[in-house]
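# Summary of the model geometry
Read off the chains here:
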Amino acid sequence: MAKKDPNSPATTSLAYDLMLPKWEKISTLLSGTEAMREAGQLYLPQHPGETDKAYEHRKEMTFLLNMLDMTLASLVSRPFADPIKINLDQMPKELQACLQDIDLQGTSLDRYCRMWFKEGLSKGYSGTLIEFPETVPNADGSPRTAADDQREKLRPYFVHIVPENMIAARADVVNGREILTEVRIREEVIVPDGYAETLKIRIRRITPGRVQIFEKQKLSNGKIVWVPIKDYTYDLDFIPMVIFYADRQGFMLAKPPLENLADLNIRHWQSTSDQIAVLTVARFPMLAISGATETDDVKVGPNTLLSVTDPTGRYYYVEHTGKAIAVGRQDLVDLEETMAEYGATFLKKRPGGATATARALDSAEVTCALQDMTLGFQDTLNMAMWMFGQWMDIEVPEKTCEIKRNFGMSDQEEAELNTLIEARKNRDISRRVFLEGLIKFGILPEDFDFASNLTEVEKEIQDDLAREKELIQAKPKPAPSAKA
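Structural notes, computed from the coordinates. (Residues numbered from 1 in each chain as written. Predicted model: local features only at pLDDT ≥ 70, side-chain atom pairs only at ≥ 80, totals over all residues. Heavy atoms only, no water.)

### What to know about the overall build of the protein
Per the secondary structure count, the protein includes 14 helices and 14 strands. Counting over 484 residues, the protein shows a buried share of 44%. When the accessible surface of the protein is split by element, carbon and sulfur atoms take 52% of a total near 26,900 Å². (Helix = DSSP H or I, 4+ residues; strand = E, 2+ residues; numbered from the N terminus. Buried < 20%, exposed > 50% of the residue type's maximum accessible area, 1.4 Å probe, protein only. Areas by Shrake-Rupley, 256 points an atom, 1.4 Å probe, with all protein chains shown as cover.)

Structure follows, in structure tokens:
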């Protein structure tokens with residue numbers, strides 16, 4: 001590993017370097033088929049002896065069944081099936097007026113939180129910066145007040161910071177509480193350049209009460225350096241940023257909850273590619289010759305007599321037996337069923353007694369992993385609303401927002417789901433019935449196009465079965481031999 005530059009604001013933290021490969025893997029999968037193809041051998045290795053041309057053809061014929069995206073959509077839909085409940089008695093009216101445009105880009109609080117929660121659930125954590133427009137000093141030199149901001153219609157707003165852009169952060173523990181002391185954020189800014197546009201990469205360094213912005217520039221000697229282009233202060237003694245952790249493993253470290261599903265999805269991508277390749281081979285029988293010598297003038301064509309000098313020689317077709325096709329198809333079916341079941345693990349009750357967090361709840365008991373994550377997100381959101389109020393010089397109570405959490409499975413539902421899974425594993429029920437059950441339990445999204453998907457899957461299965469039957473029953477077809 002190359003030595004890091006301690007003087008560069010673009011230097012990434014060790015935690016960032018550990019998390020980045022996980023984020024890239026998940027982002028590539030969520031981006032779909034084209035992104036997986038562009039990743040090339042990272043997720044679809046080239047076979048030994050496979051030519052570059054053959055590999056490129058195989059890659060372009062492979063399509064992604066994006067179970068990671070479908071499972072993520074299903075899980076995120078549960079906490080946000082109902083609007084976020086706002087405690088109107090406690091939330092100041094000035095803040096309530098901002099909820100329908102929380103980011104100054106027309107995004108409501110519900111839509112913003114859904115996006116924020118989804119990013120954290122997929123990547124392990126995700127941040128929100130509570131920003132405030134830069135202000136101009138009063139002309140008379142008097143200090144600015146909240147009244148000045150209101151007169152100029154200035155107010156705070158949320159900025160979503162994806163984990164890939166939080167390149168470094170530091171924190172201190174004060175009275176048992178973790179307090180951010182520095183955050184560095186990578187930003188992409190499009191700057192007009194005549195009729196064209198130039199993409200600029202900047203680093204925003206935030207410390208309590210101060211913001212510095214650096215930009216990469218090229219010196220006359222050709223050296224590339226980061227130079228400060230802006231440096232200003234703000235009237236808060238803390239960094240107005242909160243981070244939602246879905247499964248925290250340490251400071252700026254987390255396990256993406258769906259990482260194992262992502263690995264299964266990559267395995268399915270690879271198996272799909274191999275299955276398409278073997279089907280291509282099986283569809284084209286190969287003509288073989290027995291008894292031919294170097295002196296034989298071998299020609300193949302519609303008006304050509306096939307012959308060899310050896311009286312025992314013959315021409316015949318070599319065809320695939322179909323066994324590999326059946327094995328490959330079963331591997332795909334098993335992977336798809338395992339991935340479909342994966343979302344259910346976040347809704348199942350934990351074994352044993354209630355957790356300390358669960359016992360602390362007043363009205364809703366935390367019984368499953370997704371409820372734990374939702375509760376953590378709710379706490380993070382309420383902290384963000386408190387910081388929002390600090391910008392406006394308004395005190396906001398700790399609990400102003402409440403997110404739905406009563407979506408865990410009951411004992412009966414969990415037992416029914418386990419029975420459904422076991423019945424499918426034992427082949428006591430059809431795949432159609434199994435998928436219908438997953439939709440019923442909400443593991444597959446409600447808008448899942450079941451009819452279209454089922455039609456395609458059934459057609460694939462029938463085509464494979466018919467092809468296997470033909471290949472297995474096919475016998476060698478020797479061509480009549482004749483002397484030249």
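### Looking at the packing of helix H1 (residues 14-31) against helix H4 (residues 67-77)
As a packed pair, H1 and H4 sit with axes 8 Å apart at the nearest point and diverge in direction by 95 degrees. Our classification of the angle between H1 and H4 gives roughly perpendicular. Counting all contacts with H1, which are made through Ile 26, Leu 29 and Leu 30, the residues of H4 involved are Leu 68, Asp 69 and Leu 72. In terms of residue class, the contact of H1 with H4 is made up of five nonpolar, no polar and one charged. (Axes fitted to C-alpha atoms, helices over the stretch in contact; angles between N-to-C directions. Parallel < 35°, antiparallel > 145°, perpendicular 65-115°, else oblique. Contact = heavy atoms within 4.5 Å. Nonpolar A, V, L, I, M, F, W, Y, C, P; charged D, E, K, R; others polar.)

### Thoughts on the packing of aromatic side chains
Tallied over the full model, the rule gives 15 aromatic pairs. With 5.7 Å between their ring centres and 85 degrees between their planes, Trp 23 and Tyr 125 make a pair best called edge-to-face. Taken together, the positions of Trp 23 in helix H1 and Tyr 125 in strand E2 (residues 125-131) put the pair 102 residues apart, joining distant regions of the chain. When sorted by exposure, Trp 23 lands in the same class as Tyr 125, which is buried. Arranged with centres 6.0 Å apart and planes meeting at 65 degrees, the rings of Tyr 112 and Trp 116 form a pair that is edge-to-face. Here Tyr 112 and its partner Trp 116 are both found in helix H6 (residues 109-123), four residues apart, which amounts to about one turn of the helix. (Phe/Tyr/Trp six-rings, centres within 6.5 Å; stacked < 30°, edge-to-face > 60°.)

### Quick word on the environment of Trp 386
Along the polypeptide, Trp 386 turns up in helix H11 (residues 369-391). With relative accessibility at 25%, the residue Trp 386 sits in the partly exposed group. Distance in space between the C-alpha atoms of Trp 386 and Pro 240 is 9.7 Å, their sequence separation being 146 residues. Not counting chain neighbours up to four residues away, the residues in contact with Trp 386 comprise Phe 238, Glu 395 and Val 396.

### Re the sheet that holds strand E7 (residues 210-218)
Read from one edge to the other, the open sheet built from five strands follows the order E4-E5-E6-E7-E8, with strand pairing classed as antiparallel. Of all strands in the sheet, those with a lone pairing partner are strand E4 (166-174) and strand E8 (224-233), marking the two edges. Here the average twist between neighbouring strands, direction ignored, is 25 degrees. Bridging between E4 and strand E5 (residues 177-193) involves eight bridges; their strand directions are antiparallel. Pairing of Ala 171 across the sheet is with Leu 180, part of E5. (Pairing = 2+ DSSP bridges.)

### A closer look at the nonpolar core
Of all hydrophobic cores here, the largest spans 94 residues; its most connected members are Leu 109, Phe 117, Tyr 125, Phe 158, Met 241 and Leu 381. A total of nine residues in this core trace back to one element, the largest contributor, which is H11. In contact with Met 241, not counting residues within four places along its chain, are Gly 127, Thr 128, Leu 129, Ile 130, Ile 161, Met 166, Leu 180, Val 183, Ile 185 and Met 387. (Core = buried A, V, L, I, M, F, W, Y, C linked by side-chain atoms within 4.5 Å.)

### Side note on the packing of H4 against H6
Packed helices, taken two at a time, are described by the angle between their axes plus the distance between the axes. Between H4 and H6, the shortest axis-to-axis distance is 10 Å and the interhelical angle comes to 130 degrees. By the angle class used here, H4 and H6 are oblique. The handedness of the crossing between H4 and H6 comes out as right-handed. Together, Asp 69, Leu 72, Leu 75, Val 76 and Ser 77 of H4 and Arg 114, Phe 117, Lys 118, Leu 121 and Ser 122 of H6 make up the contact between the two elements. Here the residues of the contact of H4 with H6 are counted per class, giving five nonpolar, two polar and three charged. (Left-handed = near helix turned anticlockwise from the far one by under 90°.)

### A closer look at the pattern of salt bridges
Applying the stated criterion to the full structure yields 21 salt bridges. Of the charged contacts in the structure, one is a salt bridge between Glu 182 and Arg 170, with a shortest N-O distance of 3.6 Å. Placement of Glu 182 in strand E5 and of Arg 170 in strand E4 is noted, with a sequence separation of twelve residues between them. Glu 215 is the partner of Arg 202 in a salt bridge, and the nearest nitrogen-oxygen pair spans 2.6 Å. Of this pair, Arg 202 sits in strand E6 (residues 196-207) while Glu 215 sits in strand E7, placing them 13 residues apart in sequence. Glu 215 sits in the buried class, given a relative accessible area of 8%. A cluster of three or more residues bridged by salt bridges with shared partners is formed by Lys 22, Lys 25, Lys 255, Glu 259 and Asp 263. (Salt bridge = Lys/Arg side-chain N within 4 Å of Asp/Glu carboxyl O.)

### So, the sheet that holds strand E9 (residues 241-245)
The strand order E3-E2-E9 describes an open sheet built from three strands, whose pairing is antiparallel. The sheet terminates laterally at strand E3 (157-161) and E9, the two strands that pair on one side only. On average, adjacent strands in this sheet sit at an angle of 25 degrees to one another, irrespective of strand direction. One ladder, built from five bridges, connects E2 with E9; its direction is antiparallel. Considered in E9, the bridge of Leu 129 is made with Met 241. Most of the contacts of H6 go to E2, to which it runs at about 145 degrees, and overall it touches E2, E3 and E9.

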